[in-house]
Amino acid sequence: GAVVSQHPSWVICKSGTSVKIECRSLDFQATTMFWYRQFPKQSLMLMATSNEGSKATYEQGVEKDKFLINHASLTLSTLTVTSAHPEDSSFYICSARASGASGRIPPRTDTQYFGPGTRLTVL
Amino acid sequence: KNQVEQSPQSLIILEGKNCTLQCNYTVSPFSNLRWYKQDTGRGPVSLTIMTFSENTKSNGRYTATLDADTKQSSLHITASQLSDSASYICVVTVNTGFQKLVFGTGTRLLVSP
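As a starting point, this report considers the structure included with it. (Residues numbered from 1 in each chain as written. Chains lettered and ligands numbered in written order. Predicted model: local features only at pLDDT ≥ 70, side-chain atom pairs only at ≥ 80, totals over all residues. Heavy atoms only, no water.)

How big an interface is tends to be reported as the loss of accessible area on association of its parts. The interface is formed by 22 residues belonging to chain A together with 19 residues belonging to chain B. Seen at the junction of chain A and chain B, the total is 1 salt bridge. Across the pair B:Lys100 and A:Glu59 runs a salt bridge, and its minimum N-O distance is 3.3 Å. For the interface between chain A and chain B, the tally reads 6 residue pairs in polar contact (both at pLDDT 80 or more). Mapped onto the side of chain A that touches chain B, the elements with two or more residues apiece are strand 4 (30-38), strand 5 (45-51), strand 9 (90-98) and strand 10 (112-114) of chain A. (Contact = heavy atoms within 4.5 Å. Salt bridge = Lys/Arg side-chain N within 4 Å of Asp/Glu carboxyl O. Polar contact = N/O pair within 3.5 Å; in protein donor to acceptor, adjacent residues only side chain to side chain. Helix = DSSP H or I, 4+ residues; strand = E, 2+ residues; numbered from the N terminus.)

Residues and elements named next belong to chain B. By the alternation rule, side chains of strand 1 (residues 3-7) split into Val4 and Gln6, which are all buried, and Gln3, Glu5 and Ser7, of which none is buried. Note: strand 1 against strand 3 (residues 19-26), 5 bridges, orientation antiparallel. Following the sheet pairing, Gln3 is matched in strand 3 by Thr26. (Buried < 20%, exposed > 50% of the residue type's maximum accessible area, 1.4 Å probe, protein only. Pairing = 2+ DSSP bridges.)

Moving on: the packing of aromatic side chains. Counted according to the given criterion, the structure contains 9 aromatic pairs over all chains. Centre to centre, the rings of A:Tyr36 and B:Phe103 are 5.3 Å apart; their planes meet at 75 degrees, and the pair counts as edge-to-face. Here B:Phe103 lies in strand 10 (residues 101-103) and A:Tyr36 lies in strand 4, a pairing that spans two chains. According to the relative accessible area criterion, A:Tyr36 is buried, its value standing at 2%. On the accessibility criterion, B:Phe103 (13% relative accessible area) is buried. Between the aromatic rings of A:Phe114 and B:Phe103, the centroid separation amounts to 6.2 Å while the plane-to-plane angle is 75 degrees, which identifies the pairing as edge-to-face. (Phe/Tyr/Trp six-rings, centres within 6.5 Å; stacked < 30°, edge-to-face > 60°.)

Time to look at the state of the cysteines. Applying the stated criterion across every chain, the model contains 2 disulfides over all chains. Two residues, A:Cys23 and A:Cys94, share a disulfide whose sulfurs are 2.0 Å apart. An S-S torsion of about 80 degrees defines the bridge between A:Cys23 and A:Cys94 as right-handed. In this pair, A:Cys23 is assigned in strand 3 (residues 19-25) and A:Cys94 in strand 9, connecting sequence segments 71 residues apart. The residues A:Cys23 and A:Cys94 share a single accessibility class, namely buried. With no disulfide partner, A:Cys13 has as its closest neighbouring cysteine sulfur the one in A:Cys94, 18 Å distant. Looking at A:Cys13, the relative accessible area reads 10%, which means it is buried. The cysteine B:Cys19 is free of any disulfide, with B:Cys90 supplying the nearest cysteine sulfur at 15 Å. A relative accessible area of 6% means that B:Cys19 is categorised as buried. (Disulfide = S-S within 2.5 Å.)

Here it is as C-alpha coordinates:
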(Lines give C-alpha, C1' and ligand atoms only; values in the text may rest on other atoms or scores of the structure.)
Protein backbone atom coordinates (compact mmCIF):
# COMPACT_ATOMS: atom_id res chain seq x y z
CA GLY A 1 0.00 0.00 0.00
CA ALA A 2 0.85 3.72 -0.01
CA VAL A 3 1.39 4.29 -3.72
CA VAL A 4 1.56 7.76 -5.17
CA SER A 5 1.39 8.35 -8.89
CA GLN A 6 2.15 11.38 -11.01
CA HIS A 7 1.01 12.26 -14.47
CA PRO A 8 2.55 12.94 -16.85
CA SER A 9 5.93 11.40 -16.17
CA TRP A 10 7.52 13.83 -18.59
CA VAL A 11 6.34 16.82 -20.57
CA ILE A 12 7.86 19.19 -23.09
CA CYS A 13 6.17 22.50 -23.70
CA LYS A 14 6.79 25.81 -25.39
CA SER A 15 7.70 28.89 -23.45
CA GLY A 16 4.62 30.84 -22.36
CA THR A 17 2.28 27.88 -22.14
CA SER A 18 0.85 26.34 -18.98
CA VAL A 19 1.41 22.81 -17.81
CA LYS A 20 -0.63 20.82 -15.30
CA ILE A 21 0.87 17.99 -13.28
CA GLU A 22 -1.33 15.58 -11.33
CA CYS A 23 -0.45 13.79 -8.12
CA ARG A 24 -2.66 10.97 -6.91
CA SER A 25 -2.60 8.78 -3.84
CA LEU A 26 -3.82 5.49 -5.26
CA ASP A 27 -4.69 3.43 -2.23
CA PHE A 28 -5.00 5.86 0.62
CA GLN A 29 -6.48 9.22 1.48
CA ALA A 30 -3.99 12.05 1.77
CA THR A 31 -4.86 14.96 3.99
CA THR A 32 -1.70 16.75 3.04
CA MET A 33 0.26 16.76 -0.18
CA PHE A 34 3.59 18.36 -0.85
CA TRP A 35 5.21 19.62 -4.05
CA TYR A 36 8.95 19.60 -4.52
CA ARG A 37 11.29 20.70 -7.26
CA GLN A 38 14.65 19.14 -7.92
CA PHE A 39 17.36 20.50 -10.16
CA PRO A 40 20.12 18.25 -11.51
CA LYS A 41 22.46 16.93 -8.85
CA GLN A 42 20.63 18.86 -6.17
CA SER A 43 18.34 17.75 -3.40
CA LEU A 44 14.59 18.18 -3.29
CA MET A 45 13.36 21.67 -2.51
CA LEU A 46 9.90 22.06 -0.98
CA MET A 47 7.73 24.41 -3.01
CA ALA A 48 4.42 24.23 -1.21
CA THR A 49 2.25 22.28 1.17
CA SER A 50 -1.40 21.75 0.40
CA ASN A 51 -4.17 20.53 2.62
CA GLU A 52 -7.36 19.20 1.12
CA GLY A 53 -9.97 21.90 0.79
CA SER A 54 -7.76 24.82 1.74
CA LYS A 55 -5.22 27.11 0.13
CA ALA A 56 -1.69 25.89 -0.27
CA THR A 57 1.14 27.23 1.85
CA TYR A 58 4.07 28.30 -0.31
CA GLU A 59 7.70 28.33 0.71
CA GLN A 60 9.59 31.59 0.64
CA GLY A 61 10.60 32.56 -2.87
CA VAL A 62 7.99 30.41 -4.62
CA GLU A 63 5.50 32.47 -6.63
CA LYS A 64 2.00 31.32 -5.81
CA ASP A 65 0.57 32.95 -8.95
CA LYS A 66 3.01 31.04 -11.12
CA PHE A 67 2.70 27.66 -9.44
CA LEU A 68 -0.99 27.08 -8.89
CA ILE A 69 -1.85 24.25 -6.56
CA ASN A 70 -5.25 22.68 -6.22
CA HIS A 71 -6.01 19.96 -3.68
CA ALA A 72 -9.66 19.35 -4.41
CA SER A 73 -9.95 15.84 -3.03
CA LEU A 74 -8.23 13.54 -0.57
CA THR A 75 -6.57 11.64 -3.39
CA LEU A 76 -5.67 14.31 -5.93
CA SER A 77 -3.53 17.43 -6.01
CA THR A 78 -2.53 19.33 -9.11
CA LEU A 79 0.33 21.71 -9.80
CA THR A 80 -0.06 24.08 -12.72
CA VAL A 81 3.01 25.88 -13.96
CA THR A 82 1.63 28.99 -15.62
CA SER A 83 3.41 30.83 -18.42
CA ALA A 84 6.29 28.42 -18.22
CA HIS A 85 9.81 29.58 -19.07
CA PRO A 86 12.98 27.59 -19.69
CA GLU A 87 14.18 28.26 -16.14
CA ASP A 88 11.12 26.36 -14.90
CA SER A 89 12.54 23.21 -16.48
CA SER A 90 13.05 20.83 -13.60
CA PHE A 91 12.01 17.57 -11.99
CA TYR A 92 8.80 18.04 -10.03
CA ILE A 93 8.00 15.52 -7.31
CA CYS A 94 4.92 15.30 -5.14
CA SER A 95 4.44 13.47 -1.90
CA ALA A 96 1.40 12.57 0.13
CA ARG A 97 0.82 12.00 3.81
CA ALA A 98 -1.98 9.70 4.87
CA SER A 99 -4.94 10.90 6.87
CA GLY A 100 -5.00 7.73 8.94
CA ALA A 101 -8.72 7.35 8.43
CA SER A 102 -8.37 3.80 7.11
CA GLY A 103 -6.66 2.55 10.23
CA ARG A 104 -4.36 0.46 8.04
CA ILE A 105 -0.58 0.57 8.18
CA PRO A 106 0.85 1.20 5.68
CA PRO A 107 0.36 3.97 5.11
CA ARG A 108 1.93 5.55 8.17
CA THR A 109 0.54 8.96 9.04
CA ASP A 110 4.01 10.27 9.89
CA THR A 111 5.43 9.43 6.47
CA GLN A 112 5.47 11.29 3.18
CA TYR A 113 5.13 8.89 0.27
CA PHE A 114 6.74 10.21 -2.87
CA GLY A 115 5.52 10.04 -6.41
CA PRO A 116 7.82 9.03 -9.27
CA GLY A 117 8.27 12.61 -10.43
CA THR A 118 7.51 14.60 -13.57
CA ARG A 119 10.28 15.87 -15.83
CA LEU A 120 9.33 19.26 -17.27
CA THR A 121 11.27 20.72 -20.15
CA VAL A 122 10.33 24.17 -21.38
CA LEU A 123 11.66 25.08 -24.80
CA LYS B 1 19.25 26.60 11.28
CA ASN B 2 18.03 23.10 10.45
CA GLN B 3 20.57 21.38 8.24
CA VAL B 4 21.45 17.91 7.06
CA GLU B 5 24.88 17.23 5.62
CA GLN B 6 25.96 14.08 3.88
CA SER B 7 29.31 12.63 2.95
CA PRO B 8 30.81 11.66 0.70
CA GLN B 9 29.21 13.63 -2.09
CA SER B 10 29.85 10.77 -4.50
CA LEU B 11 31.31 7.30 -4.27
CA ILE B 12 32.38 4.60 -6.68
CA ILE B 13 32.74 1.02 -5.46
CA LEU B 14 33.17 -2.36 -7.07
CA GLU B 15 30.26 -4.74 -7.23
CA GLY B 16 30.16 -6.98 -4.19
CA LYS B 17 31.94 -4.54 -1.90
CA ASN B 18 30.46 -2.86 1.14
CA CYS B 19 30.18 0.88 1.73
CA THR B 20 29.03 3.30 4.39
CA LEU B 21 27.40 6.66 3.83
CA GLN B 22 27.37 9.35 6.49
CA CYS B 23 24.79 11.89 7.59
CA ASN B 24 25.18 14.67 10.16
CA TYR B 25 22.25 16.80 11.16
CA THR B 26 21.38 19.84 13.20
CA VAL B 27 17.61 19.64 13.37
CA SER B 28 15.44 20.59 16.30
CA PRO B 29 13.06 19.41 17.48
CA PHE B 30 13.92 16.00 16.03
CA SER B 31 11.17 13.60 15.05
CA ASN B 32 12.77 10.89 12.94
CA LEU B 33 15.46 10.21 10.38
CA ARG B 34 15.01 8.36 7.13
CA TRP B 35 17.24 7.15 4.39
CA TYR B 36 15.85 7.25 0.88
CA LYS B 37 17.14 5.77 -2.34
CA GLN B 38 16.51 7.82 -5.45
CA ASP B 39 17.17 6.34 -8.84
CA THR B 40 17.90 8.80 -11.63
CA GLY B 41 14.67 10.33 -12.89
CA ARG B 42 12.56 8.73 -10.19
CA GLY B 43 11.06 9.79 -6.89
CA PRO B 44 12.71 8.84 -3.58
CA VAL B 45 11.91 5.48 -2.05
CA SER B 46 12.16 5.00 1.70
CA LEU B 47 14.74 2.48 2.92
CA THR B 48 14.67 2.94 6.68
CA ILE B 49 13.12 5.14 9.34
CA MET B 50 14.45 5.63 12.85
CA THR B 51 13.06 7.54 15.76
CA PHE B 52 15.02 9.07 18.61
CA SER B 53 15.19 5.85 20.62
CA GLU B 54 16.29 3.56 17.80
CA ASN B 55 19.98 2.89 17.20
CA THR B 56 19.83 0.65 14.20
CA LYS B 57 17.41 -0.47 11.53
CA SER B 58 17.93 -2.98 8.75
CA ASN B 59 16.20 -3.48 5.44
CA GLY B 60 17.79 -6.34 3.55
CA ARG B 61 21.33 -5.36 2.64
CA TYR B 62 20.80 -1.84 4.01
CA THR B 63 21.55 -1.11 7.66
CA ALA B 64 21.10 2.34 9.13
CA THR B 65 22.42 3.53 12.45
CA LEU B 66 21.51 6.56 14.49
CA ASP B 67 23.40 8.27 17.28
CA ALA B 68 21.03 10.88 18.64
CA ASP B 69 23.67 12.25 21.02
CA THR B 70 26.14 13.14 18.30
CA LYS B 71 23.37 13.70 15.71
CA GLN B 72 24.93 11.34 13.26
CA SER B 73 23.55 8.56 11.12
CA SER B 74 25.08 6.11 8.71
CA LEU B 75 23.77 3.84 5.99
CA HIS B 76 25.75 0.67 5.40
CA ILE B 77 25.27 -1.25 2.18
CA THR B 78 26.46 -4.82 2.18
CA ALA B 79 27.50 -6.84 -0.85
CA SER B 80 26.68 -4.05 -3.27
CA GLN B 81 24.89 -4.76 -6.53
CA LEU B 82 24.81 -2.81 -9.77
CA SER B 83 21.21 -1.87 -9.00
CA ASP B 84 22.39 -0.05 -5.88
CA SER B 85 23.71 2.72 -8.12
CA ALA B 86 21.57 5.70 -7.13
CA SER B 87 21.49 8.75 -4.92
CA TYR B 88 20.98 8.11 -1.22
CA ILE B 89 19.32 10.90 0.68
CA CYS B 90 19.24 11.40 4.43
CA VAL B 91 16.06 13.17 5.52
CA VAL B 92 15.29 14.41 9.01
CA THR B 93 11.75 15.26 10.07
CA VAL B 94 11.25 18.33 12.22
CA ASN B 95 8.80 17.61 15.01
CA THR B 96 6.29 20.32 14.24
CA GLY B 97 2.64 20.20 13.30
CA PHE B 98 3.44 19.99 9.59
CA GLN B 99 6.21 17.41 10.02
CA LYS B 100 8.56 19.36 7.78
CA LEU B 101 11.33 17.41 6.10
CA VAL B 102 14.92 18.61 5.95
CA PHE B 103 16.77 16.96 3.07
CA GLY B 104 20.45 16.23 2.79
CA THR B 105 22.15 16.87 -0.52
CA GLY B 106 22.59 13.17 -1.07
CA THR B 107 25.42 10.79 -1.87
CA ARG B 108 25.65 9.60 -5.45
CA LEU B 109 26.73 5.97 -5.43
CA LEU B 110 28.02 4.19 -8.50
CA VAL B 111 28.55 0.46 -8.28
CA SER B 112 30.95 -0.64 -10.96
CA PRO B 113 31.13 -4.17 -12.37
